[in-house]
Amino acid sequence: MGLRRYLFTDYNEPRLVVPGLFVVLASFLLALALITATSRPRTAEQKAEALLRSGKPAQAERAYRDLLRERPTPELVLAFLDAHQYAKVFARLAEKRDESSPVGSGIKNPETPLDEEEVDRAIDELPPDVRVIGQYARAVPLGQVPPELATQIEEGAKREPPVPYANRLLARELRHQGKLEEAARHLEREGLAFPERSEDVDLALEIRIQTEDWETLRDRLTDPRVAAAAGPHPKYRLAVHDRDWKAAMRWLPALWAPRFVGTGFAMSAVTALGWFFFCARLGKLGQRPAFRLPMYLLAFVLGVASVVPTVLLIAVEEAKFHIVETGDATRDLLFFIFGVGLREEASKLLLFLPLLPILRKKGDKLDVLVCGAMVGLGFAAEENLGYLAQGDLQTGLGRFLTANFFHMAMTGTLASALDDFVSDREKYAPAFTRTSLFIVGIHGAYDFLLSHPEYGGGYFAMTAFVFLTRMFLEAVDAARRRADRGITPLHAFVFAVALVTGVSLAYATIAVGPKGALVVTGGGLLGVAIIVYVFVRTLGQMR
């Protein structure tokens, strides 16, 4: 009775707000302590970089300015000037935004960039050797590089070995002038001369990819020094262009390797545990624990494993059939539906198949729905690693907060349709086809809208999310039949959402500080609020 009075009113209605806020606060503090204890403290430079990647360049440039005063280095002054340029671009795009134009639609009230006098003052305060680099980089976008400074940098770039950063600075000017091939050569020279800056080699190869100079890219990768310094991305892109799906399959896993390191792994595991608890409550785990717990765990593991056929399909789709995102809205919609949606749903359903004979023999419709959802949760848990590894906290955490339940609902719905089809193929074949097309289509539309904010972005995507998940929950409600004892599914849902929210806020706080955390998670938190509001009515009737 002691705990129950905190969860239910005197009229036996579930209490949600106070328990939910308690879970948010508790998970936030616990995650904050765990991340702090198990990972290296994030440096101010890492926080500034996270802000820049998350679409907050004005905040990033201020962070870099403060860092420059404490520790003036060539890397920091270049990062500071890059952040300033991005901040000015964001501000200009926001000014063009109006109701009739999609220009700047993805820019949400950016902060004002530093004024030019303040930027000049920050450069003038630097030590002489770093000031030269800052003055040159500062003058490049203005087209006003002093002749004596240009001569100094050019001579330094030609030396053997070259002067550090001279070739990188020349490359900045050449890119600004549109001389991309010359810029690529200087970047490659910088990266090969200074192994700690091997990312310049990758940037040189990326220029060849952007200009579609595949012959030069192929030639440069035959150089052992370039191949050794280059990362997997240009090698994968060349394999895709050459339609060499075997080579693409070899290099694609290396692109995914960063997903499995860092605090993102722990975050994904904790939030998966929260959603696992919700699924288990939906599936009445307590009634048949000896059967259901092993099945739920196995389904989750199979969901994680479904990433393997997904990766293979990505390599084949991109390399053999050239199904890729292009930037054209119509083509991208088809890509997200018949590329992303089809391959992910097919992979998850493929890994659910081994469970179906067992479920049909020893389980019921509720077990099918929940095991399908567990497969979706396993896939989402792995996918979360990718969102967090991208470095764009605003996008990554927004998806992290909402995509788990989306995958659970999609795979659970497909699993139920497959179960019906197996029971009577002639009767349920049309329904299975319709459901499959619907799930693939709504999955593709959701991803398309998130990637194209000019068509409504996350808010229109949330409509697809709500429609699908309500359909799934209604199917679960029908399969549950009668109430059981314990906390309600609505409580379990709110606790899972609160856990994910608290962990996300802790992660963002460590990454960019308390103020930045609220900024980068704002869109995702709004999405969570919409989800909770809509599902209170659907889940409120479940016991």
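Residues numbered from 1 in each chain as written. Predicted model: local features only at pLDDT ≥ 70, side-chain atom pairs only at ≥ 80, totals over all residues. Heavy atoms only, no water.

Draft legend 1. Summary view of the overall build of the protein. Within the protein, the secondary structure is distributed over 26 helices and 0 strands. For the protein, buried positions account for 51% of its 543 residues. As presented, the protein carries roughly 25900 Å² of accessible surface, and 60% of it is formed by carbon and sulfur atoms. (Helix = DSSP H or I, 4+ residues; strand = E, 2+ residues; numbered from the N terminus. Buried < 20%, exposed > 50% of the residue type's maximum accessible area, 1.4 Å probe, protein only. Areas by Shrake-Rupley, 256 points an atom, 1.4 Å probe, with all protein chains shown as cover.)

Draft legend 2. Structural context of the packing of helix α7 (residues 128-139) against helix α9 (residues 166-176). Where α7 contacts α9, the two axes come as close as 9 Å, and the packing angle between them is 10°. By the angle between their axes, α7 is roughly parallel relative to α9. For the pair α7 and α9, contact is made by I133, Y136 and A137 and by L169, L170, R172 and E173, respectively. Across the contact of α7 with α9, the residue classes break down as 5 nonpolar, no polar and 2 charged. (Axes fitted to C-alpha atoms, helices over the stretch in contact; angles between N-to-C directions. Parallel < 35°, antiparallel > 145°, perpendicular 65-115°, else oblique. Contact = heavy atoms within 4.5 Å. Nonpolar A, V, L, I, M, F, W, Y, C, P; charged D, E, K, R; others polar.)

Draft legend 3. Seen up close, the packing of aromatic side chains. With the rule as written, the count across this model stands at 11 aromatic pairs. Ring centres of W275 and F278 lie 5.7 Å apart, and the angle between their planes is 80°; this geometry places the pair in the edge-to-face category. Here the residue W275 and the residue F278 both occupy positions in helix α16 (residues 263-282), the gap between them amounting to 3 residues, near one helical turn. The exposure classification of W275 matches that of F278, with both residues buried. Here the aromatic residues W275, F278, F405, F472 and F493 are joined through ring pairs into a cluster of three or more. When the ring centre of Y165 is taken as reference, the NZ or CZ atom of R197 above it lies at 4.0 Å. Across the ring face of F194, the terminal group of R197 is positioned such that the distance to the ring centre comes to 4.5 Å. (Phe/Tyr/Trp six-rings, centres within 6.5 Å; stacked < 30°, edge-to-face > 60°. Lys NZ or Arg CZ within 6 Å of the ring centre and 35° of its normal.)

Draft legend 4. Spotlight on the side chain of S306. Here S306 is to be found in the loop between α17 (289-305) and α18 (307-320). Residue classification places S306 among the buried residues on the basis of a relative accessible area of 0%. In this structure, S306 is in contact with S347, K348, L351 and F379, ignoring residues within four places of it in sequence.

Draft legend 5. The arrangement of the pattern of salt bridges in detail. Following the criterion strictly, the structure yields 33 salt bridges and no others. Where R172 meets D82, a salt bridge forms, and the shortest distance between an N and an O atom there is 2.9 Å. Linking R172 in helix α9 with D82 in helix α5 (residues 74-96), this pair joins segments that are 90 residues apart in sequence. On the accessibility criterion, D82 (29% relative accessible area) is partly exposed. A salt bridge links E188 to R208; the nearest nitrogen and oxygen atoms lie 3.7 Å apart. With E188 in helix α10 (residues 180-193) and R208 in helix α11 (residues 199-210), this pair connects stretches of sequence that are 20 residues apart. Relative accessible area serves as the criterion here: at 8%, E188 is assigned to the buried category. Under the relative-accessibility criterion, R208 is labelled buried at 1%. Taken together, the shared-partner salt bridges in this structure form one network comprising E181, R185, E188, R208, D219, R220, D223 and R225. (Salt bridge = Lys/Arg side-chain N within 4 Å of Asp/Glu carboxyl O.)

Draft legend 6. Region of interest: the environment of P357. With respect to the helices, strands and loops of the structure, P357 is situated in helix α20 (residues 356-362). Judged by relative accessible area, P357 falls into the exposed class, the value being 54%. In the structure, P357 is positioned 65 residues away from V422 in sequence and 9.7 Å away in space, judged by C-alpha atoms.

Draft legend 7. View of unusual backbone geometry. Across the junction of E160 and P161, the peptide omega takes the value -10°, indicating a cis bond. You can see P161 is positioned in the loop between α8 (147-158) and α9. Despite not being glycine, R243 has its phi angle at roughly 55°, a positive value. With a relative accessible area of 45%, R243 lands in the partly exposed category. Positive phi outside glycine occurs at H322, with the angle close to 55°. By secondary structure assignment, the location of H322 is in the loop between α18 and α19 (329-352). In this structure H322 comes out as partly exposed when scored by relative accessible area, which is 42%.

Draft legend 8. Highlighting α16. Across its 20 residues, α16 extends 29 Å between first and last C-alpha, which sits within 8% of the 28 Å expected from 1.5 Å per residue. In the segment just after α16, K284 is the residue with positive phi, at about 55°. (Expected span 1.5 Å × (residues − 1).)

Draft legend 9. The state of the cysteines, seen in detail. All chains considered together, the criterion is met by 0 disulfides. Counting only cysteine sulfurs, C371 is the nearest neighbor of C279, a cysteine outside any disulfide, at a range of 9.6 Å. (Disulfide = S-S within 2.5 Å.)

Draft legend 10. Layout of a nonpolar patch on the surface. Judged by side-chain polarity, V17, V18 and L21 come together as a nonpolar surface patch covering roughly 330 Å² of accessible area. Tracing the backbone through its elements, the reader meets L21 in helix α2 (residues 17-38). (Patch = residues over 30% accessible without salt bridge, like charges linked within 9 Å, V, L, I, M, F, W, Y side chains within 5 Å.)

Draft legend 11. Spotlight on the side chain of N167. Along the chain, N167 turns up in helix α9. Residue classification places N167 among the buried residues on the basis of a relative accessible area of 0%. A polar atom in the side chain of N167 sits 2.7 Å from the side chain of H186. Ignoring any residue separated from it by four or fewer positions in sequence, one finds N167 in contact with A157, P162, H186, R189 and E190. (Polar contact = N/O pair within 3.5 Å; in protein donor to acceptor, adjacent residues only side chain to side chain.)

Draft legend 12. Seen up close, α8. Between its terminal C-alpha atoms α8 stretches 17 Å, which fits the 16 Å expected from 12 residues at 1.5 Å a residue. For α8, every residue scored as buried is listed here: L149, A150, I153, G156 and A157. Take α8 and look down its axis: the buried residues cluster within an arc of 130°, on one side only. Away from its buried face by more than 90 degrees, α8 exposes P147, E148 and K158. Buried-residue contacts for α8 involve α7, α9 and α10. (Arc of directions from axis to C-beta.)

Draft legend 13. Structural view of the nonpolar core. Counting residues in each nonpolar core, the largest one holds 85 residues, and the members touching the most others are W275, F278, F352, L355, F405, F465 and F472. With 13 residues, the top contributor of residues to this core is helix α25 (residues 489-520). For F278, the residues in contact, after removing those within four places along its chain, are F405, M408, L473, P489, A492, F493 and A496. Counting 37 residues, the second-largest nonpolar core is a separate cluster that includes Y64, L78, A157 and Y165. (Core = buried A, V, L, I, M, F, W, Y, C linked by side-chain atoms within 4.5 Å.)

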